[in-house]
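The primary structure of each chain is shown beneath.
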Amino acid sequence: MSNADTEEALPAPPELATPSPRSRLEDMFRSLRHRNFQLFFSGQLISLIGTWMQNVAQAWLVYSLTGSPWLLGVVGFAGQIPIFLFAPLGGLAADRWNCHRVVIATQVASMILAFALAALTLMHIVKVWEVVVLAALLGVVNAFDVPARQSFLIEMVSRDDLMNAIALNSSMFNGARVIGPAIAGITVARIGGGWCF
């Protein structure tokens, strides 16, 4: 059999269809077709933007009260060390309890702590030790919130859409990390740090 006969016997490769821009966009956001994930995504976006606003405003508040870089570091440490210490308990809670209820409880606790800091700041009676205590309490809340949120993500979407949901969740987190401090900077400059809380 000659080469010419072989070439004629092989079927022609199918033409690869180029996906339309609409289908690419649909693929990019396909996990948002789940109603629960839509609600979670929008709520978490607002919550994370608020958290980053609070972090920036809290640092500004401490530095404007004291002018001390050391105390600024103390507040940052107070907010992070509880996460290091209590995250294993947070993971255990996410495994044993209903993640939906844990996330709601941690979000309510975060809101109460933010309102307390806002009230103290807006009444101009806030002290640095109060900011340290509230930052530490928020760190404890976050130690339970983060594992529960990550576990809850798995319950809201199908297995096929899980990787997309994780990617969107990461994008949301990084987007909030950019948007939150920008809004906080404008808010602090225009109307004061208390309103960021």
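These figures come from a predicted structure and were not determined experimentally.

Caption draft 1: Region of interest: the nonpolar core. Core analysis: the biggest nonpolar cluster contains 38 residues, and Phe-37, Leu-117, Val-131 and Met-156 have the highest contact counts within it. Sort the elements by how many residues they give to this core and helix H3 (residues 35–66) lands first, with ten residues. Apart from residues lying up to four places away in sequence, Phe-37 is in contact with Ser-31, Leu-32, Leu-153, Met-156, Val-157, Ala-165 and Leu-168.

Caption draft 2: A look at the packing of aromatic side chains. Following the criterion strictly, the structure yields four aromatic pairs and no others. Centroid distance Trp-52 to Phe-173: 6.2 Å. Interplanar angle 70 degrees. Geometry classified as edge-to-face. With Trp-52 in helix H3 and Phe-173 in helix H7 (residues 162–190), this pair connects stretches of sequence that are 121 residues apart. The class for Phe-173 is partly exposed, based on a relative accessible area of 31%. An aromatic cluster of three or more residues is present, and its members are Phe-37, Phe-40, Phe-41 and Phe-152.

Cut-offs used in this document
Residues numbered from 1 in each chain as written. Predicted model: local features only at pLDDT ≥ 70, side-chain atom pairs only at ≥ 80, totals over all residues. Heavy atoms only, no water. Core = buried A, V, L, I, M, F, W, Y, C linked by side-chain atoms within 4.5 Å. Buried < 20%, exposed > 50% of the residue type's maximum accessible area, 1.4 Å probe, protein only. Helix = DSSP H or I, 4+ residues; strand = E, 2+ residues; numbered from the N terminus. Contact = heavy atoms within 4.5 Å. Phe/Tyr/Trp six-rings, centres within 6.5 Å; stacked < 30°, edge-to-face > 60°.

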